[in-house]
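Here's the letter readout for the chains.
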Amino acid sequence: MATVTTPRTPTRPVKAGAHLSRKKRLFWPFAAPALVLYLAFLVLPTIATVVLSFTSWAGAGDTPEPNGVTNYTQMWASDSFQYAFRNTLIYVFLGGIGTFALAFLFTMVLRDMKGGKIVRAILFFPNIVAPVALGMFLGFVFKYQPGKQGLANYVLESLGADAAKFLAPSNVTGVVTASLIWASSGFYITILMAAVDRIPPYLYEDAELGGASSWQKFKNITLPMTWDVVGVAGVLWTINALKIFELVFVLAGPGTYAPPNEAWTLGIYVFDRTFGSNGTPDFGAACACAVAMIALVSVLVVLLRRLMRRDAIQF
């Protein structure tokens, strides 16, 4: 039985130039709205902040008056800014080291643990609580008041130790650092566990057959395979730690206005200068501190990205 074949119609090859031209025509209609929002809500306010940092302005009424670098010189010379700068760096570095150490520890434990996803969800829970509510809860835990001690002092007194003034201005930075580590570690555990889940299991099986310890498996498999994710998590931590405000404000605040200067962060410094604890707001000084925060986060992120730069591992 003979088969009848129909001749194929030759297809006309698509030119690469025409394809790229269509992509370019589609690019701007989709990108333009995002660029407009980025320009309106990020670029322009940032430029305005830099300009206002060289002026003296109460925020309303009179027009801003240029005053050169006076805001910056006064800011660097003030004790309140030095306290705020020091405390913010403590939260960034000590809080970051503690958070990532705890996150890596739980990552190693939860990887082979039955019910690890449930534990991961429990550890993530503090991140869904508003910082103000979290600060109020921790305030009850660390409260120091004769006859009405918080949970921490109740435990200390039960063990025969003296009650401690955890929320005193000299101690509140350490309490906030520990609270940040406890509250933030669940978020970074979730991120790191998502990166660990994509590592092929046979790598761990081969290492176990070779007699590798848990530390050796973490050092030679887990850490190199998740290095890119660790870098991104480090950037997120740096940005979030520099902006810390609510937790310190609630824990260290007297309940009326602002915490003592010894407990300030850069965010509280901006708040104080914006709303004027001494009567008259000073938007120029607040903008100067905001510019310092932008410069600090830019430097830290660039240094972190350079430190974490490695070639991607394919698997």
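The name given to the protein in an unreviewed UniProt entry is Raffinose/stachyose/melibiose transport system permease protein, and the organism recorded there is Amycolatopsis roodepoortensis. On record in UniProt, under Subcellular location (unreviewed entry), the comment for the protein is "Cell membrane". According to its UniProt record, the protein has this under Sequence similarities (unreviewed entry): "Belongs to the binding-protein-dependent transport system permease family."

So, about the overall build of the protein. Looking only at helices and strands, the protein features 13 helices and two strands. Burial statistics for the protein: of 315 residues in total, 35% are counted as buried. Taking the intrachain contacts of the protein between residues at least 6 apart in sequence as the baseline, contacts between residues at least 24 apart amount to 65%. As presented, the protein carries roughly 19,600 Å² of accessible surface, and 67% of it is formed by carbon and sulfur atoms.

What follows deals with the packing of aromatic side chains. Under the definition given, this model contains 18 aromatic pairs. Here the aromatic rings of F81 and Y269 are separated by 5.5 Å at their centres, their planes lie at 80°, and the arrangement is edge-to-face. Taken together, the residues F81 in helix α3 (residues 79–110) and Y269 in helix α12 (residues 266–275) connect sequence positions 188 residues apart. One exposure class covers both F81 and Y269, and it is buried. When the ring of F187 is compared with that of Y188, the centres are 5.0 Å apart and the planes differ by 90°; the resulting orientation is edge-to-face. A relative accessible area of 28% places F187 in the partly exposed class. Taken together, the aromatic side chains of W76, F81, F85, W264 and Y269 make up a single cluster linked through ring pairs.

The subject of this paragraph is the packing of α3 against helix α7 (residues 172–197). One can describe the packing of α3 onto α7 by two numbers: an axis separation of 7 Å at closest approach and a directional angle of 45°. The pairing of α3 with α7 is recorded here as oblique in orientation. Crossing of α3 over α7 shows right-handed handedness. Considered class by class, the residues forming the contact of α3 with α7 number 17 nonpolar, nine polar and no charged.

Relative to the elements of secondary structure, G96 occurs in helix α3. With a relative accessible area of 8%, G96 lands in the buried category. Setting aside residues up to four positions removed in sequence, G96 forms contacts with Y91 and W237.

Looking now at helix α2 (residues 70–77). Given 3.6 residues to a turn, an α-helix orients residues that are three or four positions apart in the same direction. The set of residues buried in α2 consists of N71, Y72 and M75. When α2 is viewed along its axis, its buried side chains cluster within an angular range of 95° and face the same direction. In α2, the exposed positions angled more than 90 degrees off the buried face are occupied by Q74 and A77.

UniProt marks residues 30–54, 89–110, 122–142, 175–196, 229–252 and 283–304 with the feature "transmembrane region" (unreviewed entry), using the numbering shown here. The straight-line gap between the two end C-alpha atoms of residues 89–110 is 30 Å; of that span, 100% is helix and 0% is strand. For residues 283–304, the end-to-end C-alpha separation is 31 Å, with 100% helix and 0% strand making up the annotated structure.

This part is about the side chain of N153. One can find N153 in helix α6 (residues 151–158). Judged by its relative accessible area of 0%, N153 falls in the buried class. Among all residues touching N153, those that are not within four sequence positions of it are V141, F142, K143, Y144, A163, A164 and F166.

Time to look at the pattern of salt bridges. Throughout the structure, instances matching the rule amount to three salt bridges. The residue R120 makes a salt bridge to D197 at a minimum N-O spacing of 3.7 Å. Within this pair, whereas R120 is found in helix α4 (residues 116–124), its partner D197 is found in helix α7, the two being separated by 77 residues in sequence. For R120, a relative accessible area of 15% puts it in the buried group. Salt-bridge contacts for R198 lead to D228; the nearest nitrogen and oxygen are separated by 3.0 Å. Residue R198 is found in the loop between α7 and α8 (201–209), and its partner D228 is found in helix α10 (residues 227–242); the two are separated by 30 residues along the sequence. A residue is classified by how much of its surface remains accessible, and R198, at 39% relative accessible area, is partly exposed.

Further remarks concern α7. For α7, built from 26 residues, the straight-helix expectation of 38 Å at 1.5 Å per residue is met to within 8% by its first-to-last C-alpha distance of 37 Å. Along its length, α7 reaches its greatest deviation from straightness, about 40°, at S184.

Looking at the element boundaries, S53 is found in the loop between α1 (16–52) and β1 (55–56). Between the C-alpha atoms of S53 and G284, which are 231 residues apart in sequence, the distance is 4.6 Å. Those residues in contact with S53 that sit more than four places away from it in its chain are G68, N71, Y72, G284, C287, A288 and V291. A polar contact is formed between the side chain of S53 and the side chain of Y72, at a distance of 2.7 Å.

So, how was this worked out
- Residues numbered from 1 in each chain as written.
- Predicted model: local features only at pLDDT ≥ 70, side-chain atom pairs only at ≥ 80, totals over all residues.
- Heavy atoms only, no water.
- UniProt positions renumbered as here; feature names shortened; annotations may be inferred.
- Helix = DSSP H or I, 4+ residues; strand = E, 2+ residues; numbered from the N terminus.
- Buried < 20%, exposed > 50% of the residue type's maximum accessible area, 1.4 Å probe, protein only.
- Contact = heavy atoms within 4.5 Å.
- Areas by Shrake-Rupley, 256 points an atom, 1.4 Å probe, with all protein chains shown as cover.
- Phe/Tyr/Trp six-rings, centres within 6.5 Å; stacked < 30°, edge-to-face > 60°.
- Axes fitted to C-alpha atoms, helices over the stretch in contact; angles between N-to-C directions.
- Parallel < 35°, antiparallel > 145°, perpendicular 65-115°, else oblique.
- Left-handed = near helix turned anticlockwise from the far one by under 90°.
- Nonpolar A, V, L, I, M, F, W, Y, C, P; charged D, E, K, R; others polar.
- Arc of directions from axis to C-beta.
- Salt bridge = Lys/Arg side-chain N within 4 Å of Asp/Glu carboxyl O.
- Expected span 1.5 Å × (residues − 1).
- Bend = angle between axes of the 7 residues up to and from the residue.
- Polar contact = N/O pair within 3.5 Å; in protein donor to acceptor, adjacent residues only side chain to side chain.

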